[in-house]
Amino acid sequence: MALEGPEELGEQLEEPEDLDDQDASSISPAEEIMLPSGPGGDEEPGGTVLLPWDRFNAWLHCICVVGFDLELGQAVEVIYPHHSKLSEKEKTSICYLSLPDSNSGCLGDTQFCFRFRQGSNRKSSLSCFLETTDRDAPPCLKREQGHYYGYVYFRQERDKSLKRGYFQKSLVLISKLPYVTFFHSLLKIMAPEYFEKLEPCLEAACNDIDRWPTPHPGRILTLPIMGVVIKVRIPTCYDKPGTSQLVHSAQSDSLVSIVLPTIHEVDLFRCFHPVFFHIQMLWELVLLGEALVVMAPSPAESSDTVLALVSCISPLRYCSDFRPYFTIHDSEFKEYTTRTQAPPSVVLGVTNPFFAKTLQHWPHIIRIGDMKHAGEMAKQMKVKKLKNLKTLDSKPGVYTAYKPYLNKDEEILKQLQKGVQQKRPSAAQNAILRRYFLELTQSFIIPLERYVASLMPLQKSISPWKSPPPLRPFIQQDFMKTLEKAGPQLTSRLKGDWIGLYRHFLKSPNFDGWFRSRRREMTQKLEALHLEALCEEDLQQRIQKHTEVETVDLVLKLKDKLTQAEKEHLPVHPGTVAKLRAHIEAVIQALPDDLQGILHKPSTP
């Protein structure tokens, strides 16, 4: 919408349903949030009034108890809070995904997670508020739009009083948030209490959660649950990658039981230990969005490995589908196992031996044996041909015909092997591997960031009275030319076919998701610069040349710009919106009283 003409302002981007690429416009400083006095009617910072269960719903959709009945099979026994809505399809998914396959042999307590499609596109009353709190989150920690996560604490014990001879039950947290480490820690507190005291204990836990502050990025939160206090910090997209911003303070932590340094990161070294020598190839496969299946002996190892895979390209967001634990009962089973078309871009984690046959045609299969203690040395394994994979009992390894684009980095392997020999703590090994993946991804993405930044029009070309100039298009050949002088060789020691890797990446869902997000950010930046250019104009002088009709038209268009700035959280300098609002008010005051009355009326949506 130009201010003198009907043309549209900027490019409207269609966002796919499962991408939530809203980014923040201002840094959210870390701050200590005091525990509110009680649920309901409380205000969050920012003036949003929260009703009963709003705080709970900001963290969880619901809590389910799933049991196994010899006659009925799996069944959702309890949903809490009782008003929570789940479709029959969602309940069925939760039922089958909450209990391990019978062949897993998980005696005792087991924790794992799964991810499933949301059955209906229901809108929460909190949607607008949550979008606002979500905009500061890093790409990998934004709320899921079309999927739920299920975090499971499964208990199996011998019980002669039951026909089957075993007690089998799962406590499951259903959430849109990918805070895997946090929710597993929460379940370690809640589940043992629940199995001992049953539903009253669940009700008390839900009431505790409904008193928590909302999970706003950048804040340090103190979260009481069933007599235990957890301290966490929700990361922001402004944090330096690979660092933790959670500060330990002896004075304020005197009442804190658990301090979680991360809410979402899994132990990469432990997860990749069985396929230790292929970490770089796996990074390439995930980066390129290749179809990958992880065959593991238990849901815990399956889900941890899938989560490790999709996080190894951080800070890039993995934009395809991934299922940490997938079963033959899944609603997407036929879609993902059909042989009539190429396997989709998805990472699946499975434990059922049936998949060894069903997914034989998949191009890349990772077979994980029992995860050894990270102190034991992994044996060097060659990449195996797919035809050698007969059953789930086949030897651990990577079965693929894929030839990596980059030469193997022997230095990282030697560094980690030396750590094993010297009994370096697992946390240190994990930090080394995470830093390696981070630097590798950054080396890959920096040339893309540099080229995309060059597509932005110059600031001097932005006129307040014309639509902002459009972004220049991404031209693959032009980008490839930049790699000769400003490619990954500036920051990475690795040799190989970087050009081939980029060509392949540019066709992948991960590039599509990343570029949509960057284009959206840059379009918003253009809109913000346009808004700031308007603020510097003398509108009073401008309208002296206008008729009343033209002035009213100008006011309406300026109001639309303001609405857009607030709705999209445009990255404008502090005070810009207030300054433009004052300009608009001054223009309105110069008009006759009858027009002033009309223009002061709130616009209808």
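Residues numbered from 1 in each chain as written. Predicted model: local features only at pLDDT ≥ 70, side-chain atom pairs only at ≥ 80, totals over all residues. Heavy atoms only, no water.

S.K.: Pulling in residues and values, what's your account of the sheet that holds strand β12 (residues 292-295)?
M.R.: Spatial ordering of the open sheet is given by β13-β14-β12-β15-β16, a layout of five strands whose pairing is mixed. Each of the sheet's edge strands pairs with one partner strand only, and the pair in question is β13 (321-323) and β16 (397-400). Here the strands of the sheet are splayed against their neighbours by 15° on average, with no regard to which way each runs. By the bridge criterion, four bridges tie β12 to strand β14 (residues 346-350) in an arrangement that is parallel. When the sheet's bridge partners are listed, M295 is paired in β14 with V350. Packed onto the sheet, helix α7 (residues 279-287) meets β12, β15 (364-367) and β16 and runs at close to 50° relative to β16. Running at roughly 160° to β14, helix α8 (residues 299-311) makes contact with β12, β13, β14 and β15 of the sheet. (Pairing = 2+ DSSP bridges. Helix = DSSP H or I, 4+ residues; strand = E, 2+ residues; numbered from the N terminus. Axes fitted to C-alpha atoms, helices over the stretch in contact; angles between N-to-C directions. Contact = heavy atoms within 4.5 Å.)

S.K.: Residues and numbers for the nonpolar core, please.
M.R.: One broad rule of soluble globular proteins: the nonpolar side chains tend to lie buried together. Core analysis: the largest hydrophobic core is formed by 110 residues, its most contacted members being W59, F182, F272, W283, F444, L448 and F474. When residues of this core are assigned to domains, at least three map to each of domain 1 (54-260) and domain 2 (266-518). The residues touching L448, leaving out its near neighbours within four places in the chain, are F474, F479, Y502, F505, L506, F511 and W514. Formed by 22 residues, the second largest nonpolar core is a distinct cluster that contains L534, L570, V577 and L580. (Core = buried A, V, L, I, M, F, W, Y, C linked by side-chain atoms within 4.5 Å. Buried < 20%, exposed > 50% of the residue type's maximum accessible area, 1.4 Å probe, protein only. Domains from an automatic or database assignment.)

S.K.: Could you give me a rundown of the pattern of salt bridges, with the residues and numbers involved?
M.R.: A side chain of one charge can pair with a side chain of the opposite charge if their charged atoms are brought near each other. Applying the stated rule across the entire model yields 20 salt bridges. Of the charged contacts, one joins E449 and R518 as a salt bridge, the two residues approaching to 2.8 Å between their closest N and O atoms. Of this pair, E449 sits in helix α12 (residues 426-453) while R518 sits in helix α15 (residues 509-535); the two residues are 69 residues apart in sequence, bridging distant segments of the chain. Since its relative accessible area comes to 28%, E449 is described here as partly exposed. Residue R518 is classed as buried on the basis of its relative accessible area, which comes to 16%. One salt bridge connects E521 with R518, and the closest N-O pair in it is separated by 2.7 Å. Of the two residues, E521 and R518 are both situated in helix α15; the distance of three residues between them amounts to about one turn of the helix. Assessed through its relative accessible area of 26%, E521 is described here as partly exposed. (Salt bridge = Lys/Arg side-chain N within 4 Å of Asp/Glu carboxyl O.)

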